[in-house]
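Spelled out from the first residue to the last, the chains are:
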Amino acid sequence: MEYEELNRTGVRIPKLGLGTYGMDSARREEALAALRRGIELGMTLIDTAEMYGWGRVEEIVGEAIRPFDREELTIVTKVWGTNLGYESVKRAARASAARLGTYIDVYLIHWPNPSFPLEETLRAMEELVSEGTIRYVGVSNFTLDQLKRAREIMRHNDVVTDQVEYSLVVREPEEDLLPYCQRERITLMAYSPLAKGKLAKRPPMKLKLVAARLGKTPAQVALNWLVSKPMVVAIPKASKVDHVEELAGSVGWRIPDDLMRELDDIRGERARWPRT
Ligand SMILES: NC(=O)c1ccc[n+]([C@@H]2O[C@H](COP(=O)([O-])OP(=O)(O)OC[C@H]3O[C@@H](n4cnc5c(N)ncnc54)[C@H](OP(=O)(O)O)[C@@H]3O)[C@@H](O)[C@H]2O)c1
């Protein structure tokens, strides 16, 4: 596994973590096996949310992590956009921690919601840090301006991560968010890094050709391309053990510069990819 420091916290997180969206509809045993295999393979960063199966996925994560050394894991969960009031954030975090059976390493605002003053949400989150329910504060789906504002509001903590959609075919973060995060050493957590499975199951021709030249699979190349960037970590979701094993092979090697440039060009094919 390859690692990156989470923001400037001194906490070491793997470049590849495990997503969990939709794991409540997969078979529970299958999901547990996939998560545990991923952790064994070093994918010790686990991303979930109170919204996933309305708590059911956090319970699955709680069960999956039980056999492991808690200090080796980084658990990320998120507060939903209707729970951003001062009291609701606190209630939501404590409920998530109870379902997970442990403290939360990184607690994210899942989506910005202008109906709630950000000051109030972040004040509650800073108090959750002080009481030990969560260790770090993060955001998700925040634009650069929203991220900057959140950083200005907080008194005692920094925003350690912005979790946004980023993959070979969704490149918006490169416009301004990624350069800023790299400069400020804020972790950019790439969600849907396989474009919701499309890059693994129906890869664009250029990706297929590069993968064949490297002797890797398209999914491995797509993830390697992402996490080779400083401050970027990816949280692909795989609910099958063989998928997890394939994804774990995405790191530990480098794509040569000429092939990197070919992959960068896939951006031009984006119009042919409906975003579902
Ligand atoms: N913050 C947010 O708003 C937000 C939004 C979306 C997602 N997320 C997080 O990011 C995580 C990942 O994103 P995502 O789930 O949308 O999409 P993704 O990780 O891009 O793709 C997941 C899909 O890829 C398939 N897959 C994985 N490995 C494969 C392999 N080796 N071969 C073939 N197929 C493979 C999975 O199938 P199987 O399950 O069958 O293995 C699943 O259908 C989510 O689970 C969630 O934790 C966050």
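Quick summary incoming for the structure in this document. Every value quoted in this text rests on a predicted model; they were computed, and no experiment measured them.

### Here's the deal with the environment of P230
- With respect to the helices and strands, the residue P230 is situated in the loop between α9 (218-227) and β9 (232-234).
- Taking the number of C-beta atoms within 10 Å as the measure of exposure, P230 has 11 and is therefore exposed.
- Residues P230 and E4, spaced 226 residues apart in sequence, show a C-alpha to C-alpha distance of 8.2 Å.

### A few points about the site of the ligand
- As a structural note, the neighbourhood of the ligand is formed by 27 residues, with G19, Y21, L194, G197 and K237 the closest of them.
- At the level of secondary structure, the elements contributing two or more residues to the shell around the ligand comprise α7 (198-201) and α10 (241-248).
- With three residues, α10 is the single largest residue contributor to the shell around the ligand.
- Grouping the amino acids of the shell around the ligand by side-chain chemistry returns 11 nonpolar, 10 polar and six charged.

### Quick look at the nonpolar core
- The biggest cluster of nonpolar side chains holds 84 residues, and the ones touching the most others in it are A93, Y107, L188, A190, L207 and A222.
- Ranked by residues supplied to this core, first place goes to α9 with six residues.
- Once residues within four sequence positions are removed from consideration, A190 is found in contact with Y166, S167, L226, V232, V233 and A234.

### Comments concerning the pairing of strand β7 (residues 159-165)
- With six of its seven residues buried, β7 lies for the most part within the structure.
- Where strand β6 (residues 134-140) and β7 come together, three bridges link them in parallel fashion. Residue pairing for β7: S140 is matched across the bridge by Q163.
- Between the parallel pair β6 and β7, the chain is carried across by helix α5 (residues 144-153), and the sense of this crossover is right-handed.
- Bridging between β7 and strand β8 (residues 187-191) involves five bridges; their strand directions are parallel. Residue pairing across strands places V164 opposite A190, the latter belonging to β8.
- Between β7 and its parallel partner β8, the chain crosses via helix α6 (residues 177-184), and the hand of that crossover is right-handed.

Rules of the game
- Residues numbered from 1 in each chain as written.
- Predicted model: local features only at pLDDT ≥ 70, side-chain atom pairs only at ≥ 80, totals over all residues.
- Helix = DSSP H or I, 4+ residues; strand = E, 2+ residues; numbered from the N terminus.
- Buried ≥ 20, exposed ≤ 12 C-beta atoms within 10 Å, placed from the backbone.
- Near = placed C-beta within 6 Å.
- Nonpolar A, V, L, I, M, F, W, Y, C, P; charged D, E, K, R; others polar.
- Core = buried A, V, L, I, M, F, W, Y, C linked by C-beta atoms within 7 Å.
- Contact = placed C-beta atoms within 7 Å.
- Pairing = 2+ DSSP bridges.
- Right-handed = clockwise from strand over helix to strand, strands pointing away.

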